[in-house]
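Okay, here's what each chain looks like letter by letter:
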Amino acid sequence: MTLQRFDNHSTEFGLWLRKQSEIDSKLGYLATNVDYCWKNYKTCEWMFIEEKRHNAEVKQWQRKMFHIINKVCKGDKNYKGFHLLVFENTSPEDGKIYLNNKEITKDELINFLMFK
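Overview of the structure. This one's a predicted model, so the numbers in the text were calculated from it and none came from an experiment.

**A closer look at the side chain of Lys 52**
Then, in step 1: With respect to the element layout, Lys 52 can be found in strand E2 (residues 46-52).
Then, in step 2: For Lys 52, the side chain forms a polar contact with the side chain of Gln 62, separated by 3.2 Å.
Then, in step 3: Lys 52 has contacts with Glu 57, Val 58, Gln 62, Leu 84, Leu 85, Val 86 and Phe 87, leaving out every residue within four places of it along the chain.

Printed below as a string of structure tokens:
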């Protein structure tokens, strides 16, 4: 039944991966995606953003994977970090906004996306 919950948010490849017993998570294999690789091509500043809706939290194993990505990218002077963006509901328009566990306004979100 868990598979059906993910059907609406997965690609055919993602669904196929979940059916392969040779690479089952019980054997240690995990996959996650990063929601946004955000960049200003004029300034070369860039960052990763993980989006969660309905106040969802990042799972511990996912947090560890994001930490690895962040650590590897820190050597780039234009890299501005790996950030968690959480919406109370589904977007900045229908509830509270949290950036890295701090409540922010829509204007603050825009400034953040402008690398300010």
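**Examining the environment of Phe 48**
Then, in step 1: Tracing the chain through its elements places Phe 48 in strand E2.
Then, in step 2: The sequence separation of Phe 48 and Asn 70 amounts to 22 residues, and the corresponding C-alpha distance is 8.5 Å.

**Looking at the nonpolar core**
Side chains of nonpolar character tend, in soluble globular proteins, to be buried together.
Then, in step 1: Among the nonpolar cores identified, the biggest contains ten residues, and these are Met 47, Ile 49, Leu 85, Phe 87, Ile 97, Leu 99, Ile 104, Leu 109, Phe 112 and Phe 115.
Then, in step 2: Mapped by element, the contributors of at least two residues to this core are E2, strand E3 (79-87), strand E4 (97-99) and helix H4 (106-113).
Then, in step 3: The residues touching Leu 85, leaving out its near neighbours within four places in the chain, are Ile 49, Glu 50, Glu 51, Lys 52, Ile 97, Tyr 98, Leu 99 and Leu 109.
Then, in step 4: Trp 46, Phe 48, Tyr 79 and Val 86 belong to the second largest nonpolar core, which has nine residues in total.

**Topic: the pattern of salt bridges**
Then, in step 1: By the definition in use, this model includes two salt bridges.
Then, in step 2: The partner of Glu 93 in a salt bridge is Lys 106, with the nearest N and O atoms 3.2 Å apart. Placement of Glu 93 in the loop between E3 and E4 and of Lys 106 in helix H4 is noted, with a sequence separation of 13 residues between them.
Then, in step 3: On the accessibility criterion, Glu 93 (62% relative accessible area) is exposed.
Then, in step 4: Using a relative accessible area of 40% as the deciding quantity, one classes Lys 106 as partly exposed.

Cut-offs used in this document
Residues numbered from 1 in each chain as written. Predicted model: local features only at pLDDT ≥ 70, side-chain atom pairs only at ≥ 80, totals over all residues. Heavy atoms only, no water. Helix = DSSP H or I, 4+ residues; strand = E, 2+ residues; numbered from the N terminus. Polar contact = N/O pair within 3.5 Å; in protein donor to acceptor, adjacent residues only side chain to side chain. Contact = heavy atoms within 4.5 Å. Core = buried A, V, L, I, M, F, W, Y, C linked by side-chain atoms within 4.5 Å. Buried < 20%, exposed > 50% of the residue type's maximum accessible area, 1.4 Å probe, protein only. Salt bridge = Lys/Arg side-chain N within 4 Å of Asp/Glu carboxyl O.

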